[in-house]
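Spelled out from the first residue to the last, the chains are:
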Amino acid sequence: MLINIRNKKNSIFLIYYSLISVCMTFPGLFDLANRIEPWVFGLPFSMFYLFLCVALLCAGLCIQFFIESKLGELDIEVTPKDNSNVSGGEES
Amino acid sequence: MNIIPLIMIFTFFAIMLFIIRKKLGVSSFEDYATANRSFGFFALTFSVLATWIVGAMYTAWAGMAVTYGFTALYCIAYAIITMIVMYYVAPKTYIWGVRYGIKTQSELLGFRYQSKSLRMLTGIWGIVFTIPWLIVEIVTQGYVFEYATGGLISQFWGMVLGIIVVAVFVSLGGMRSVITANVFQGLILIFGGTALMIYFVYKYFGGFASGFEMVVNDYPGMLTYPGPGWDSPTPYWTSIVILSGLGGFLWPWAYNKLFAGDSIRTIKVSAVLAPIIYAIFFSIFVVTAIFIHSYDQTLSDVQGAFLWIASESGPIALGLLGVVIMASSVGTVSGIIQAISTTISRDLAQVINRKISDKKAVYIARISVVVISIVSLFFGTADLGLMVFLALFTYDGIILLFPVVILGLYWKRANKEGAIIGLIAGTALSMFLRFFNPNFIEGWGWQPGVYGLTLSFIIMIVVGYMKNPSAFVQKLWEDTEIIYAENVRVPTLKPRSRIS
């Protein structure tokens, strides 16, 4: 249950980030926005489009952070384990 | 010669050393490498920014922005992708780091894949592809000293001064002094840099609106990709954003900061805040560079464009820009040297000889700082143009750590055979295409790292399906889920058992 919720949440946001990133960078979609007109908020359209994509990605991160905060995923307490023979390599 | 810029730079160094004076001294190797995982979000955010924003931004990247305009904004596009990567790698890096005492990126990978070979290999990858950045930054420091003092301090002695200061506080204070200094440097470079850019825009162009009006009338090509006089296909834009975005957080000097955070919340707050601050800061920088393009004097030396306009604005402006560049550069250099010295001690020396004591590990790291500094100085006397060229190549190499890290953290089937073969084969393909530069690279626009990354993913996935996950990995995943189950609230009315 727990792992399913976490995986679904992570996957949904990852798809969202991927879609926006594709719009922001990939040939075709980016080419449509790569022009000066129309001007939006005093910016050429190319810049406005780029800033919009970045803002949407930032908003996604904020929402994901808020959800994870509610679920308690951000305040995980971890107890150190005696790992002197394990850490960083093959177990002997 | 006006000595005000020199005084301002020395004052910056003096204040920085004063701030970190109580951090000089480490109690253990854990303290040297991770500052005992003690830093909160404010320190981590500005540390990531200070390490990440390089001094060469005002020379090499300024050249790109002044010449091609909009294209330089690829940096804000990739920055947000980098922070998404940071957001996703943070939980398991933190959990495994604390649980199993992991202190470096390579150690994390060696632990996950249960492979000393992979640990050493990724450590070497991190060092090899990082060195060009270190050299570029040291040369930048020398360049700023020489420019700001009107040649009184030569570039070589500027490099020596800069590296001595960094070597002293890194070797004595480790990660704790690096992050503390980074906060100061980060505040200086973000607020000082932004204020200076806005000053230039209003002093020379009458504000943003009139600046844009001038550019759209006289240099409209600066406002779209790829920029004036350059005919690069769109996949080049796609490549540089995606490669830099996915690879940007895999530099050991950036990744290792995760081990200094005191919680997952701290790291994720930093991942949310850093791109917002960076986007504002860098956008203003690029817009200013686009406006500066209108000055013919800057086009003959685009890399010195910002220093030229600062010198035209008087000694205070030149001194402030010198301080901002120095803050950016020292932040990066200190992070790099700390990361490399930690890797040498932890992922190479201690793997070869497991009997090295904690005290000796710190000693090895400190000696490494001195050696790295001397070697960097030696190479810093070479041609800077060549170094920038090499630095840009490094993304084609460091990006190959992405499949190893991301599949290692999220896919149980990822195994050491696939990781090692994928890393070597992907890097070999990437470097081959970069150095032999066949026609289709420029024709299609996709950069070598894209081909290497694709090959590496394919190899890791194919090899991953050739054998079942090891018992160690199964146990590791179960332990991680138990940790989550003990802490995370399940949004359901009916309590249910954990499914692993």
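Conventions and cut-offs
- Residues numbered from 1 in each chain as written.
- Chains lettered and ligands numbered in written order.
- Predicted model: local features only at pLDDT ≥ 70, side-chain atom pairs only at ≥ 80, totals over all residues.
- Heavy atoms only, no water.
- Helix = DSSP H or I, 4+ residues; strand = E, 2+ residues; numbered from the N terminus.
- Buried < 20%, exposed > 50% of the residue type's maximum accessible area, 1.4 Å probe, protein only.
- Contact = heavy atoms within 4.5 Å.
- Areas by Shrake-Rupley, 256 points an atom, 1.4 Å probe, with all protein chains shown as cover.
- Rg over C-alpha atoms; globule rule 2.2 N^0.38 Å.
- Lys, Arg positive; Asp, Glu negative; His and termini not counted.
- Charge placed at Lys NZ, Arg CZ, Asp CG, Glu CD.
- Buried area = accessible area lost by both parts, 1.4 Å probe.
- Salt bridge = Lys/Arg side-chain N within 4 Å of Asp/Glu carboxyl O.
- UniProt positions renumbered as here; feature names shortened; annotations may be inferred.
- Core = buried A, V, L, I, M, F, W, Y, C linked by side-chain atoms within 4.5 Å.
- Phe/Tyr/Trp six-rings, centres within 6.5 Å; stacked < 30°, edge-to-face > 60°.
- Lys NZ or Arg CZ within 6 Å of the ring centre and 35° of its normal.
- pLDDT = per-residue confidence, 0-100.
- Axes fitted to C-alpha atoms, helices over the stretch in contact; angles between N-to-C directions.
- Parallel < 35°, antiparallel > 145°, perpendicular 65-115°, else oblique.
- Left-handed = near helix turned anticlockwise from the far one by under 90°.

Of regular secondary structure, chain A possesses three helices and zero strands. Secondary structure elements in chain A, listed N-terminal to C-terminal, are α-α-α. Within the span of chain A, comprising 92 residues, buried residues form 48% of the whole. Excluding contacts between residues fewer than 6 apart, the proportion of contacts in chain A whose partners are at least 24 apart in sequence is 55%. Carbon and sulfur atoms form 68% of the exposed surface of chain A, whose accessible area is close to 4700 Å².

This part is about the overall build of chain B. When you go through chain B residue by residue, the secondary structure sums to 22 helices and zero strands. The globule rule puts the C-alpha radius of gyration for 500 residues at 23 Å, and the 23 Å found for chain B is close to it. Within chain B, buried positions represent 65% of all 500 residues. Expressed as a percentage of contacts within chain B between residues at least 6 apart in sequence, the contacts between residues at least 24 apart total 84%. Accessible area of chain B: about 17400 Å², with a carbon and sulfur share of 67%. Measuring between centres, the 31 positive side-chain charges of chain B sit 18 Å from its 22 negative side-chain charges.

The next thing to look at is the interface of chain A and chain B. Tallying the contact residues gives 57 residues for chain A and 64 residues for chain B. Carbon and sulfur atoms supply 67% of the area that chain A and chain B bury against each other, a total of about 5600 Å² over both sides. Our count for the contact surface shared by chain A and chain B stands at three salt bridges. The salt bridge partner of Lys268(B) is Glu68(A), with a shortest N-O separation of 2.7 Å.

Before going further, it helps to spend a moment on the environment of Phe26(A). Tracing the backbone shows Phe26(A) in the loop between α1 (2–25) and α2 (29–33). If near-sequence neighbours (up to four positions away) are discounted, Phe26(A) is found in contact with Ser21(A), Asp31(A), Thr238(B) and Trp446(B).

Looking now at the UniProt feature "transmembrane region" (unreviewed entry) in chain A. Residue and element names in this part refer to chain A. According to UniProt, the positions carrying the feature "transmembrane region" (unreviewed entry) are residues 12–30 and 42–67. With 84% helix and 0% strand, residues 12–30 has end C-alpha atoms that lie 23 Å from one another. As annotated, residues 42–67 comprises 88% helix and 0% strand, and the C-alpha atoms at either end are separated by 34 Å.

On to the environment of Pro448(B), then. Residues and elements named next belong to chain B. Its location among the elements puts Pro 448 in helix α21 (residues 448–466). Owing to a relative accessible area of 0%, Pro 448 belongs among the buried residues under this scheme. Note: C-alpha distance between Pro 448 and Tyr 255 (193 residues apart in sequence) is 23 Å. Here Pro 448 is in contact with Asp 396, Ser 430, Leu 433, Arg 434 and Ile 441, once residues within four sequence places are set aside.

Our next topic: the nonpolar core. Residue and element names in this part refer to chain B. Trp 61, Trp 96, Phe 169, Tyr 255 and Phe 306 are the most contacted members of the largest nonpolar core, which has 206 residues in total. Looking at this core element by element, the count peaks at 21 residues for helix α5 (residues 74–100). Here Trp 96 is in contact with Gly 101, Ile 102, Leu 108, Phe 111, Arg 112, Gly 408, Leu 409, Leu 476, Trp 477 and Thr 480, once residues within four sequence places are set aside. In terms of nonpolar packing, the next biggest core, distinct from the first, is built from seven residues, Ala 35, Phe 39, Met 175 and Val 183 among them.

All right, on to the packing of aromatic side chains then. Counted under the stated rule, the structure contains 62 aromatic pairs over all chains. Relative to Phe184(B), the ring of Phe12(B) has its centre 5.6 Å away and its plane inclined at 15°; by these criteria the two rings are stacked. With Phe12(B) in helix α1 (residues 4–19) and Phe184(B) in helix α8 (residues 155–205), the pair connects residues that are 172 residues apart, well separated along the chain. Exposure class is identical for Phe12(B) and Phe184(B). Each is buried. Taken together, the aromatic side chains of Trp39(A), Tyr199(B), Phe200(B), Tyr202(B), Tyr204(B), Phe205(B), Phe208(B), Phe212(B), Phe291(B), Tyr295(B) and Trp308(B) make up a single cluster linked through ring pairs. Lying over the aromatic face of Phe45(A), Arg35(A) brings its terminal NZ or CZ to 4.9 Å of the ring centre. The aromatic ring of Tyr113(B) is capped on one face by Arg112(B), whose charged end is 4.7 Å from the ring centroid.

Scanning the model with the defined rule gives 13 salt bridges over all chains in all. Measuring nitrogen to oxygen at the nearest pair gives 2.8 Å for the salt bridge that ties Asp347(B) to Arg119(B). Taken as a pair, Asp347(B) in helix α15 (residues 315–352) and Arg119(B) in helix α7 (residues 116–148) lie far apart in primary sequence, 228 residues in all. For the pair Asp347(B) and Arg119(B), one class covers both residues: buried. A salt bridge links Asp479(B) to Lys475(B), with the nearest nitrogen and oxygen atoms 3.1 Å apart. Remark: Lys475(B) and Asp479(B) occur in helix α22 (residues 471–487); sequence separation between them is four residues, near one turn of the helix. According to the relative accessible area criterion, Lys475(B) is partly exposed, its value standing at 43%. Because the salt bridges share partners, they merge into one network encompassing Lys9(A), Glu68(A), Glu73(A) and Lys268(B).

Okay, the confidence of the model for chain B next. Mean pLDDT over chain B stands at 90; residues scoring 70 or higher make up 96%. Across chain B, element-level confidence peaks in α21(B) with a mean pLDDT of 97 and bottoms out in helix α17 (residues 384–398) of chain B with 71.

Predicted confidence across chain A gives a mean pLDDT of 88, with 85% of residues reaching 70 or more. Mean pLDDT per element in chain A: α1(A) is the minimum at 90, and helix α3 (residues 45–71) of chain A is the maximum at 96.

Among the secondary structure elements, Ser334(B) is positioned in helix α15. On the accessibility criterion, Ser334(B) (0% relative accessible area) is buried.

Turning our eyes to something else, we now look at the packing of helix α6 (residues 105–113) of chain B against α7(B). Residue and element names in this part refer to chain B. Viewed as axis vectors pointing N to C, α6 and α7 meet at an angle of 155°, and their least axial separation amounts to 8 Å. The angle between the axes of α6 and α7 places the two elements in the roughly antiparallel class. In the crossing of α6 with α7, the sense of the turn from one axis to the other is right-handed. On α7, the residues touching Ser 106, Glu 107, Leu 109, Gly 110 and Tyr 113 of α6 are Leu 118, Arg 119, Thr 122 and Gly 123.

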